[in-house]
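Here are the chains, one letter per residue:
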Amino acid sequence: MSILGGGIFKGMAVTLRNFIGSYFYKERLTTNDYEWRAKDKLPQSIGDYPKEEGEQLRDTTTVNHYSRNFPMLLHDTGEPMDTIRCVACQICERECPPQCIYIEKSTEKKENADGKPQFYPAKFDIDVSVCMSCQICVEVCPFDAIVMNSQFELSTPNRFGGLLVRRDDLLKSNDYYHKIHPQEAAARDQKMVADKAAKEAKKKAAAEKAKAAAEARAAAAAEAEAKEDTE
Amino acid sequence: MSFELIKDILLATVPLLVIFPSLFAFTTWMERKALARIQNRIGPNKTGIPCTRIGLFGLGQPAADGIKMIFKEDIVPRGADKLFHLLAPILALIPAMLILCFLPLEFPWGKFISGKVQAFMLDSAVIFFFAISGLATLAIFMAGWASRNKYSLLGGMRAVAQMVSYEIPLLLSAVVVVMMVGSLNAKEIADAQTGFNWFVFTPWGLAAFVIFFIAALAETNRSPFDLPEAESEIIAGYFTEYSGFKFALFFLGEYIAMFAISGLAVTLFLGAGDGPFLTSAPWLSVVWFIAKIFGLIAVMIWLRGTLPRLRVDQLMAFAWKFLLPLSIFNILLAGLTHFALDARVAATSDAILYSIHAPHTHSGEANHEHPKPVAGQKEAVMGALHYTDKNWMGAMKWFSKAALKGHAQSRSILGWGFGIWAMSLIVLYVMAKGLDNVSRSTAKPREYLYAE
Amino acid sequence: MTQEITFWVLAVIAVLGALVAVRRRNLIHGVFALMIFFASLSGLFLLLLAEFIAAVQILVYIGAVGILLLFAIMLTERVTGDDARDITSRGSFWGWAAALAVLVVLLLPAIQGADLSQVAKPINPSVKALGQQMMEPYVVTLEVLALLLTAALIGAVAASQGGEKTKEDTDDA
């Protein structure tokens, strides 16, 4: 037996505590006063924002490890276009609910980080004004090439071209990913290594199987030959 | 049309047109601030004096919003009914402004107005209030229908169903007060509560006030009853296709309706303009009135920050299975207790008067049976008798005054009265609890296959 | 003078509202025109100092009957009201003739210059007097009406609840 309407009063006590507490305890405030710089000139394109990791994470209190805002493309250590993970398979383009991804596949193959010849995106554009940060592209990517960035300074006075982010601006190193989302990046790397190992083991097994099969076939053929010879 | 008449009309209406819209601006700021603080945010704090860095706690926000609204593009959907799309926000604002006139606000310049113009102090002000506030439903339906949008129409239908359902408990809870005072005149209702004899202090008045307040929340589409404009379900309900100044008008109408219905709650249950220091400064009555309205608005904002939205079936079940029976039962209880007190007082009133008069009129053996009359005792009893048919609290206060002065009959009535007071509170609570158990929806939400 | 102006304004609005309500094919437009008619009628009652009737006119006709009509329309397929043409019917002549005949009959006493003050006794239109009339001489009528309405209400509930229970109904319950 609870008191009729007691839940409402309990809830109201909680909100009252928040209301009063937010005036006295600064640590309660989840948002920070954003530095307003009227004289500052905004970049004409999102790509013009500083690319260096430290710059984007100036405000460490508002961006935590779980924040996500907008996708970025990953590359491994080295020259970005030489180590890009994306192979322009266009799965993310098809899966994107608001269809904000635009990919053009390259015509010829190029060696990727593993030294394997692969296609690469000749064009990879994402429209910030359309993206809804759903992270579905991240989920569907079989190559772990696209992940969420937590950069939030994306405003620009140029509303036509300025909100379209090009491939080169989307490319970020895996180290940067480790810096902004350490746990997630570590888990992803682990998974990739495991996947690779599993793949190799499978390949090895397949090769062994093929070898065994070939041997058996050879043995059978030799036997048959021997039989033929005896006849 | 003489000059006098025009002057009177302006004096009577312009203050309402100035005070309430400016209160609206302040309320939007207050609401945003309070909601922000409830969610541990700061709220508007930058918009102050233009071209400077002075924030003024964001008090310039309503003005900035207003300027923005006026200059925004007014978009009318191609398939919309153009005329109705334009008329709906106007029709939403007019009844809201009109019902403000029925509130018994006593402005200090009221004495400059000749009696003729106080036409809104009608004998049936309360009925008029409900009649005209019901027109807001039509405006909302009009907006929903004229927009030619699924979400708008859904919102409009929800609004109509909700407002029609909640109008009934709203009216029935007001009936209690009307029954007690014996008048539909707002001024008389206010007068019956002077001297802190507010109806909210009586058990049935308390229950009626709670019912009225809940129904008023639903009537003005405030959270947790904001289904007609539920953002997460139907975008913005009937607002969906409105932008710019039309949207601002809707917004204004909604807030004015909130003020008006809180004003009626203040009139009916919270003693209208009654408050301290009225004898030395009668103009304070307006201040108290508006302060009380603001108190109720603050509770509305607080509730908005606290409660989640109801489901449609819960909304309807709550109105028809909980509030409606409870308010009918409340009327019954109010009548019973009221007549019980009346009967009790009537049965003893002769004795009361006799006991006071006796020492003066009858000398001899009566003298030693009755205590000597105390100064002011008779006035106290007369005051109580004056109040018995109008206001329970008033009567009780006078009786307690007489009892303190050593009047035995008053003491017995007082004890009896407060016994009934406690009893009816208990009965009301048990009734509400029982209704709650009965009316709780047993429907469980569907189990989703992919839910975690 | 002001009263006369008010009367004529209200009267013209009332007649126009009624005409639009009858002639529009679009049902929702018709309902709203009907409500304008009711509102101006309420204004006319106010002009006659019958404030209670005016309030009840708004409360019952606009607040209840109008909403009921809207509900009924919402259940039909014509909710969107695409068909916004005016009604033109072949039999309209007889309709006009009948309407005119009724009008003439109603106006006949006025045309003849009859003394209407003899017909109706002036009554006190205040709320209190009305309430007293309802509670004292006409209390039985009131109660019978209330009973009738209650019966209608119960009947409506029974009608909506009744009928054969299909499998779907029992599944829902």
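For the structure itself, look to the data block above.
Residues numbered from 1 in each chain as written. Chains lettered and ligands numbered in written order. Predicted model: local features only at pLDDT ≥ 70, side-chain atom pairs only at ≥ 80, totals over all residues. Heavy atoms only, no water.

S.K.: Help me understand the pairing of strand β1 (residues 70-75) of chain A, please; the structure alone is not making it clear to me.
M.R.: Remember that side chains alternate between the two faces of the sheet whenever the strand is regular. Residues and elements named next belong to chain A. Across the 6 residues that make up β1, a large majority, 6, are buried. Neither face of β1 is exposed, since F70, M72 and L74 on one face and P71, L73 and H75 on the opposite face are all buried. The sheet contact formed by β1 and strand β6 (residues 146-149) spans 4 bridges and is antiparallel. Directly across from L73, in β6, lies its bridge partner I146. Examined bridge by bridge, β1 and strand β8 (residues 171-173) share 3 bridges and lie parallel to one another. (Buried < 20%, exposed > 50% of the residue type's maximum accessible area, 1.4 Å probe, protein only. Helix = DSSP H or I, 4+ residues; strand = E, 2+ residues; numbered from the N terminus. Pairing = 2+ DSSP bridges.)

S.K.: Just to check I follow, could you spell out the pairing of strand β5 (residues 121-127) of chain A for this structure?
M.R.: Residues and elements named next belong to chain A. Summarising the sheet, strand β2 (residues 101-105) and β5 pair through 5 bridges and their orientation is antiparallel. Of the residues in β5, the one forming a bridge with I101 is I126. Examined bridge by bridge, β5 and strand β7 (residues 164-165) share 2 bridges and lie antiparallel to one another. Residue pairing across strands places D127 opposite L164, the latter belonging to β7.

S.K.: Can you walk me through the sheet that holds β8 of chain A in this structure?
M.R.: Within a sheet, each strand pairs with its neighbour through backbone hydrogen bonds, oriented either parallel or antiparallel. Residue and element names in this part refer to chain A. Spatially, 3 strands are ordered β6-β1-β8 in an open sheet, and the strand pairing comes out mixed. Each having just a single partner strand, β6 and β8 make up the two edges of the open sheet. Strand-to-strand twist of the sheet, defined as the mean angle between neighbouring strand axes without regard to direction, takes the value 55°. (Axes fitted to C-alpha atoms, helices over the stretch in contact; angles between N-to-C directions.)

S.K.: Just to check I follow, could you spell out unusual backbone geometry for this structure?
M.R.: Comment: phi is negative for the bulk of residues other than glycine, and the bulk of peptide bonds are trans. Note the cis peptide between S223 of chain B and P224 of chain B, where omega equals 0°. Within the secondary structure, P224 of chain B is located in the loop between α8 (203-219) and α9 (231-234). Phi is positive for Q90 of chain A, close to 70°, though the residue is something other than glycine. Its place among the elements puts Q90 of chain A in the loop between β1 and α3 (91-95). You can call Q90 of chain A partly exposed: its relative accessible area is 22%. With a phi angle near 60°, I235 of chain B is a residue other than glycine that sits in the positive phi range. Counting through the fold element by element, I235 of chain B comes out in the loop between α9 and α10 (244-269). A residue is classified by how much of its surface remains accessible, and I235 of chain B, at 45% relative accessible area, is partly exposed.

S.K.: How do you make sense of the interface of chain B and chain C when you look at a structure like this?
M.R.: For interface size, the figure often reported is the accessible area lost on association. Each partner contributes residues to the interface: chain B has 25 residues there, and chain C has 24 residues. Together chain B and chain C conceal approximately 2200 Å² of surface at their shared face, both sides included; 81% is due to carbon and sulfur atoms. Along the contact surface separating chain B from chain C lie 0 salt bridges. At the boundary of chain B and chain C, one finds 1 residue pair in polar contact (both at pLDDT 80 or more). Of all the secondary-structure elements, those providing two or more residues to the side of chain B that touches chain C are α4 (125-133), α5 (135-146) and α6 (150-181) of chain B. In terms of residues, the side of chain B that touches chain C owes the most to one element, α5 of chain B, which gives 6 residues. (Contact = heavy atoms within 4.5 Å. Buried area = accessible area lost by both parts, 1.4 Å probe. Salt bridge = Lys/Arg side-chain N within 4 Å of Asp/Glu carboxyl O. Polar contact = N/O pair within 3.5 Å; in protein donor to acceptor, adjacent residues only side chain to side chain.)

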